Amino acid sequence: MFHMTLMRVFEPRPAFSSRGVIAMRHRHVAGLLGRLAIAGFAAFLLSEVQTADAQGIDHPICVRNFNKIPLTDADVDDILSRASAILSEVGTTRLPCQGVKLSRQGNVAPFDESVFPRSLALESEFTKFTGDACVKVVERIIWCGGLVPGALGCAPVPGQGLVVVRRVLGLTDSFNRGVEPVTWLHEFGHTRGLQHNALDSLSVMAPGLGPTNRSINDSECAVLGSAVPAAGAAPLAAAMPMPAGGLIELAQATGVTPQSAEPARMPVEEFVKQTFLHNPPLEKLKQYEGDLPKVQEMLFDPKFAPYRSNIIVLLGAIGNKDTIPLLAKIIDTNISPEKTDVDIGARLAAPLAMGTIANRNNLPEKDISILRSASQQGFWEQRLSLVKAPNPGSKGLDDDDVRALSRDLAIQSTRGYAISGSEEVRSKLQEEHAGTVSAALPEPVRQEQLSILNDALKLNKTSKEMGAYATFSK
Ligand SMILES: [Zn+2]
């Protein structure tokens, strides 16, 4: 039973099927590999020539971080050496993993917003990140081939330019540190063409990851030990724009039980403590339908505050009309300076949960109209006023942080609104779209707004036809 305590992190990640259609799959490791970037094809080939013999291969990884996220060369070396240690352990019994390593290439190169976005919120941003080989370390991931309340990482399969975050809101420092090399290795595996390993819950390529996921099978070793991505896959495929509105699945951050066959249902109080960041499979959540009143109480219980975003994700799957005002209250309450992370995590999750409930229960637009207000950045700037740092350098968020976070929260709210699947929402989104076309706005702002609204219209349609869960990142 020791593995019952494992925490697993699911990260969503888009996968391209052989037909060239994107199927969303769960990338359990939310962005572990994010920092690993393949350093460029030329460097790649060179290193292969040098080391491809029986000695294995040293994969060069270049890394770029958003400049407000602390990350040194030494940090990256530590992550990569711990990832390489996993390969080395496996290599004692599996030949193809012998001598396979990940090493930093060049210095960690910070970027600002003129170079790459600071978070991954839109498909167009994924295209930017994967157009460059380096691993990108960003603040938030709320899109990965589909909707997600927050992911650890996102990577093309196969491809380049993984995206990861360093901290998962609500997770402990020791979990974050322990899972980081596993995540990187997992995501790196995806970029090499590896899919999830659903058979071994302790696999690095398992759909749910934690610090103890350290096994790699022979065929995975063969891919990781090769200089060329699996199946001759073209790395360029990663830069291909993904169709919006594809299937998505939400990432889930902790493992439930090992994915063994036992359908045993843990008490809901334990279930929500699993540090899942993203949506666990719907079937798993549905098991708690009978616990709705209890879960609604837990939402505001201080004892469960660290798990609030998990509770919200669960409510999205089991809630009804009466759950909506509770979520609205969360959205409408100021973010507190004392528990900023938990509050932000909850607000990134609440709009999607609200839209999901509205979709399943066929609720009218007026029940979720707060999401329409919350689609405006100004709504969130107001609710972030208490956490604004009074002076530069003091604790709290500066103006840029507030702007960037408000933008992501507004995007998330537009999506939550859209996935209600409601016709009335659709017509309001269309009005908004028409208004944006003719509004006096700086052109880049208009383009981004139109792209968000176009995506929202697609999400609305997908959700109406296939249910809100069809819009989640897998
Ligand atoms: Zn994965």
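Bear in mind that the values here come from a model prediction, so they are computed numbers and not experimental data. (Residues numbered from 1 in each chain as written. Predicted model: local features only at pLDDT ≥ 70, side-chain atom pairs only at ≥ 80, totals over all residues. Heavy atoms only, no water.)

*Asks:* Would you take a moment to explain the overall build of the protein for this structure?
*Replies:* When helices and strands are tallied, the protein shows 16 helices and 8 strands. By the burial criterion, 57% of the 474 residues in the protein qualify as buried. Taking all contacts inside the protein whose residues are at least 6 apart in sequence as the whole, residues at least 24 apart take part in 74%. Here the protein displays about 18,300 Å² of accessible surface, and carbon together with sulfur accounts for 56% of that area. (Helix = DSSP H or I, 4+ residues; strand = E, 2+ residues; numbered from the N terminus. Buried < 20%, exposed > 50% of the residue type's maximum accessible area, 1.4 Å probe, protein only. Contact = heavy atoms within 4.5 Å. Areas by Shrake-Rupley, 256 points an atom, 1.4 Å probe, with all protein chains shown as cover.)

*Asks:* How should I be thinking about the state of the cysteines in this particular structure?
*Replies:* Disulfides are covalent bonds that connect the sulfur atoms of two cysteines. This structure, assessed with the given rule, holds 3 disulfides. The side chain of Cys97 participates in a disulfide bridge whose partner is Cys221; the two sulfur atoms lie 2.0 Å from each other. The sign of the -95° torsion about the S-S bond sets the Cys97-Cys221 disulfide as left-handed. In this pair, Cys97 sits in the loop between helix 2 (73–91) and strand 5 (101–104) while Cys221 sits in helix 5 (residues 218–224), placing the two residues 124 residues apart along the sequence. Looking at Cys221, the relative accessible area reads 0%, which means it is buried. Looking at the protein, its bonded cysteines, counted consecutively from the start of the sequence, adopt the pairing 1-3, 2-6, 4-5. (Disulfide = S-S within 2.5 Å.)

*Asks:* Please clarify how unusual backbone geometry should be interpreted in this entry.
*Replies:* Peptide bonds are, in most cases, trans, and in most cases residues other than glycine have a negative phi. For the bond from Val157 to Pro158, the omega torsion is -10°, close enough to zero to count as cis. Mapped onto the elements, Pro158 comes out in the loop between strand 7 (153–154) and strand 8 (163–164). Phi is positive for Asn362, which is not a glycine, with a value near 55°. By the secondary structure assignment, Asn362 is in the loop between helix 11 (340–361) and helix 12 (369–373). The exposed category is assigned to Asn362, whose relative accessible area is 70%.

*Asks:* I would appreciate a short explanation of the layout of surface pockets in the present structure.
*Replies:* One way to see where empty space is left: roll a probe the size of a water molecule over the atoms. In this structure, the second largest pocket encloses a volume near 840 Å³. Lining of the second largest pocket is provided by 35 residues; of these, Gln377, Arg407, Glu448, Gln449 and Ile452 occupy positions nearest its centre. Looking at the lining of the second largest pocket, the elements with two or more residues in it are helix 3 (123–130), helix 14 (399–418), helix 15 (423–438) and helix 16 (443–466). The element contributing the most residues to the lining of the second largest pocket is helix 14, with 8 residues. (1 Å grid on protein atoms, 1.4 Å probe; cavity = no way out; pocket = protein on both sides within 12 Å on 5 of 7 lines; lining within 4 Å. Points joined across faces, edges and corners; volume = space filled by probe spheres on them.)

*Asks:* Explain helix 16 to me, please; I cannot follow it from the model alone.
*Replies:* Side chains of residues three or four places apart in an α-helix project in the same direction, reflecting 3.6 residues per turn. In this model helix 16 runs 34 Å from its N-terminal to its C-terminal C-alpha over 24 residues, within 8% of the 34 Å that 1.5 Å per residue would give. Within the sequence span of helix 16, burial applies to Arg446, Leu450, Ile452, Leu453, Asp455, Ala456, Leu457, Leu459, Asn460, Thr462 and Ser463. Against helix 11, helix 14 and helix 15 lie the buried residues of helix 16. A positive backbone phi angle near 95° is found at Gly467, which sits one or two residues after helix 16. (Expected span 1.5 Å × (residues − 1).)

*Asks:* Explain the environment of Leu315 to me, please; I cannot follow it from the model alone.
*Replies:* Mapped onto the elements, Leu315 comes out in helix 9 (residues 308–318). In sequence terms Leu315 and Leu299 are 16 residues apart; their C-alpha atoms lie 9.0 Å from each other. Excluding residues within four positions of it along the chain, Leu315 makes contact with Leu292, Val295, Gln296, Leu299, Thr323, Ile357 and Arg360.

*Asks:* Please explain the packing of aromatic side chains as it appears in this structure.
*Replies:* Per the counting criterion, the structure on display carries 7 aromatic pairs. A centroid spacing of 5.8 Å and a plane angle of 25° characterise the contact between Phe116 and Phe129, whose relative ring orientation is stacked. Residue Phe116 is located in the loop between strand 5 and helix 3, and its partner Phe129 is located in helix 3; the two are separated by 13 residues in the primary sequence. An identical accessibility class is assigned to Phe116 and Phe129; each is buried. Their ring planes at 85° and their centres at 4.5 Å tell us that Tyr469 and Phe472 sit as a pair that is edge-to-face. For the pair Tyr469 and Phe472, one class covers both residues: buried. An aromatic cluster of three or more residues is present, and its members are Phe66, Phe111, Phe116 and Phe129. A cation over an aromatic ring shows up here: Lys136 above the ring of Phe116, its NZ or CZ 4.9 Å from the ring centre. Directly above the ring of Phe300 sits Lys329, whose terminal nitrogen or CZ lies 4.7 Å from the centroid. (Phe/Tyr/Trp six-rings, centres within 6.5 Å; stacked < 30°, edge-to-face > 60°. Lys NZ or Arg CZ within 6 Å of the ring centre and 35° of its normal.)

*Asks:* Help me understand the sheet that holds strand 8, please; the structure alone is not making it clear to me.
*Replies:* The strands that make up a sheet are held in pairs by hydrogen bonds between backbone atoms, and each pair lies either parallel or antiparallel. Strand order in the open sheet formed by 4 strands is 4-6-8-7, and the pairing between neighbours is mixed. The strands lining the two open edges of the sheet, one partner per strand, are strand 4 (63–65) and strand 7. Note that strand 7 and strand 8 share 2 bridges and pair antiparallel. Bridge pairing links Cys154 to Val163 in strand 8. (Pairing = 2+ DSSP bridges.)

*Asks:* It is not clear to me how the nonpolar core should be interpreted in this structure. Could you clarify?
*Replies:* Nonpolar side chains in soluble globular proteins tend to end up buried together. Of all hydrophobic cores here, the largest spans 66 residues; its most connected members are Ile312, Leu314, Ile331 and Met354. It is helix 11 that provides the largest number of residues to this core, a total of 10 residues. Counting residues domain by domain, this core receives three or more from each of domain 1 (2–225) and domain 2 (281–471). One finds Val76, Leu87, Phe175 and Val179 within the second-largest nonpolar core, a separate group that totals 56 residues. (Core = buried A, V, L, I, M, F, W, Y, C linked by side-chain atoms within 4.5 Å. Domains from an automatic or database assignment.)

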